[in-house]
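Examining the three-dimensional arrangement
The chain contents come next:
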Amino acid sequence: VLYMLFVLGLFASFVNSASSAYLTEAFPLHLKPYYIALPFIVEMFVLLIISACTPDKDGLATYFITLGVFYLAFFILGFFCLPETKQVSLQEAQSKFRNIFTR
């Protein structure tokens, strides 16, 4: 199970490094530092809470099921809600994301 967590962390690090650069295009330039810092702070608090808990065999299955449901739900949400920005200039990407937030 520990090796599965290591592999999951490895693949999650690949996704997280690419997604942060992609998602920062959605924020207005003057608010970008705050909108990037807030999710990072929340993530650190969540990791702190998770690491403070004592693992047991019964809770490990619940952890993996919950994690899998969240990964799947947010993947589907991102796939259908976020626009494609491949081969698009920064100004065009800004206008695509602006349309999402003004609906």
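Predicted, not measured: the structure shown is a model, and the values here were computed from it.

**Considerations on the overall build of the protein**
Counting its regular elements, the protein contains four helices and zero strands. Counting from the amino terminus, the protein carries its helices and strands in the arrangement α-α-α-α. Looking at the protein as a whole, 12% of its 103 residues qualify as buried. Of the roughly 8,800 Å² of accessible surface on the protein, a fraction of 74% belongs to carbon and sulfur atoms.

**A closer look at the confidence of the model for the protein**
Model confidence for the protein is summarised by a mean pLDDT of 76, while 82% of its residues fall at 70 or above. Across the protein, helix α3 (residues 57-81) holds the top mean pLDDT of 82, while helix α1 (residues 2-23) sits lowest at 71.

**Let's talk about a nonpolar patch on the surface**
Together, L38, F40, I41, V42, M44, F45, V46, L47, L48, I50 and Y63 line one region of the surface with nonpolar side chains, adding up to about 1,000 Å² of accessible area. Among the elements that make up the nonpolar patch, the one with the highest residue count is helix α2 (residues 32-52) (10 residues). Inspection of the secondary structure puts M44 in helix α2.

**Here's the deal with the packing of aromatic side chains**
This model, assessed by the stated rule, comprises one aromatic pair. On the basis of an interplanar angle of 20 degrees and a centroid distance of 6.2 Å, the ring pair of F70 and F74 is categorised as stacked. Taken together, the residues span about one helical turn, with F70 and F74 both in helix α3 at a distance of four residues. For F74, a relative accessible area of 55% corresponds to the exposed category.

**What to know about the layout of surface pockets**
Its boundaries defined by the atoms lining it, the second largest pocket holds a volume of some 310 Å³. V1, L5, I50, S51, C53, T54, P55, D56, K57, G59, L60 and Y63 together form the lining of the second largest pocket. For the lining of the second largest pocket, the secondary structure elements donating two or more residues are α2 and α3. Broken down by element, the lining of the second largest pocket gets its largest block of residues, four residues, from α3. Residue classes in the lining of the second largest pocket are distributed as seven nonpolar, three polar and two charged.

Calculation criteria
- Residues numbered from 1 in each chain as written.
- Predicted model: local features only at pLDDT ≥ 70, side-chain atom pairs only at ≥ 80, totals over all residues.
- Heavy atoms only, no water.
- Helix = DSSP H or I, 4+ residues; strand = E, 2+ residues; numbered from the N terminus.
- Buried < 20%, exposed > 50% of the residue type's maximum accessible area, 1.4 Å probe, protein only.
- Areas by Shrake-Rupley, 256 points an atom, 1.4 Å probe, with all protein chains shown as cover.
- pLDDT = per-residue confidence, 0-100.
- Patch = residues over 30% accessible without salt bridge, like charges linked within 9 Å, V, L, I, M, F, W, Y side chains within 5 Å.
- Salt bridge = Lys/Arg side-chain N within 4 Å of Asp/Glu carboxyl O.
- Phe/Tyr/Trp six-rings, centres within 6.5 Å; stacked < 30°, edge-to-face > 60°.
- 1 Å grid on protein atoms, 1.4 Å probe; cavity = no way out; pocket = protein on both sides within 12 Å on 5 of 7 lines; lining within 4 Å.
- Points joined across faces, edges and corners; volume = space filled by probe spheres on them.
- Nonpolar A, V, L, I, M, F, W, Y, C, P; charged D, E, K, R; others polar.

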